[in-house]
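# Structural features, examined
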Amino acid sequence: MAGKDRDRFSTATRLRLLGEQTAARVYRSQTRRQARRSRLTGRAALLALVLCTLVVALAYPTRQYVSQRAEIAELEREREQAREKVEQLRDLKARWQDDAYAEQRIRERLHYVKPGETGYIVIDPNAAKKSRTTQGVAARPWYANVWDGVDKADRADQ
């Protein structure tokens, strides 16, 4: 037993124990480092860099694509409105080809009467309160609109 005690206090034994403890600490720190290092490898970093580059490179074309799709949709909507307007104008043209419709509109707008008929205009009692220029253009006879144009031209010269 005395040999064991002496062994325990010998310098060689203490150095060996100290070396083993140090080796254990180094081994533990290396395993921790490896565990941390294994999370982000060089391949993962390169992959992240490539993905970021792709996102940056594709951002502008994607934005252009989306804006062009919106513009196409807007143009298609305008085309549809123009097509509807053309249909309305075709219908109106077909109506004006009918002599009865043309005669009706001419008599209504220009206040024409056939020979032997008596023309009259019903005046609204509230019309006196309205001036000639405050009435809507469509509500007035055509000659009133012409006369207003002449008045405006005279005022522009002065």
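To start, this report covers the structure provided alongside it. (Residues numbered from 1 in each chain as written. Predicted model: local features only at pLDDT ≥ 70, side-chain atom pairs only at ≥ 80, totals over all residues. Heavy atoms only, no water.)

### Here's the deal with helix 3 (residues 42-97)
For helix 3, which comprises 56 residues, the first-to-last C-alpha distance of 82 Å matches the rise-based estimate of 82 Å (1.5 Å per residue) to within 8%. In the structure, helix 3 departs most strongly from a straight axis at A59, where the bend amounts to approximately 35° and where the proline P61 lies between one and four residues downstream. (Helix = DSSP H or I, 4+ residues; strand = E, 2+ residues; numbered from the N terminus. Expected span 1.5 Å × (residues − 1). Bend = angle between axes of the 7 residues up to and from the residue.)

### Brief notes about unusual backbone geometry
Residue H111 is not a glycine yet carries a positive backbone phi of 60°. With respect to the helices, strands and loops of the structure, H111 is situated in the loop between helix 4 (99-110) and helix 5 (142-157). Residue classification places H111 among the partly exposed positions, given a relative accessible area of 39%. (Buried < 20%, exposed > 50% of the residue type's maximum accessible area, 1.4 Å probe, protein only.)

### Remarks on the pattern of salt bridges
Under the counting rule described, the total for this entry stands at 8 salt bridges. Here R83 and E80 are joined by a salt bridge, their closest N and O atoms 3.5 Å apart. With R83 and E80 both in helix 3 and 3 residues apart, the pair spans about one turn of that helix. For R83, a relative accessible area of 43% gives the class partly exposed. Here R105 ties to E108 by a salt bridge, and the two come within 3.2 Å at their closest N and O atoms. In this pair, R105 and E108 are both assigned in helix 4, 3 residues apart and thus about one turn of the helix distant. Among the ionic contacts, a cluster of salt bridges with common partners joins E103, R107, K114 and E117. (Salt bridge = Lys/Arg side-chain N within 4 Å of Asp/Glu carboxyl O.)

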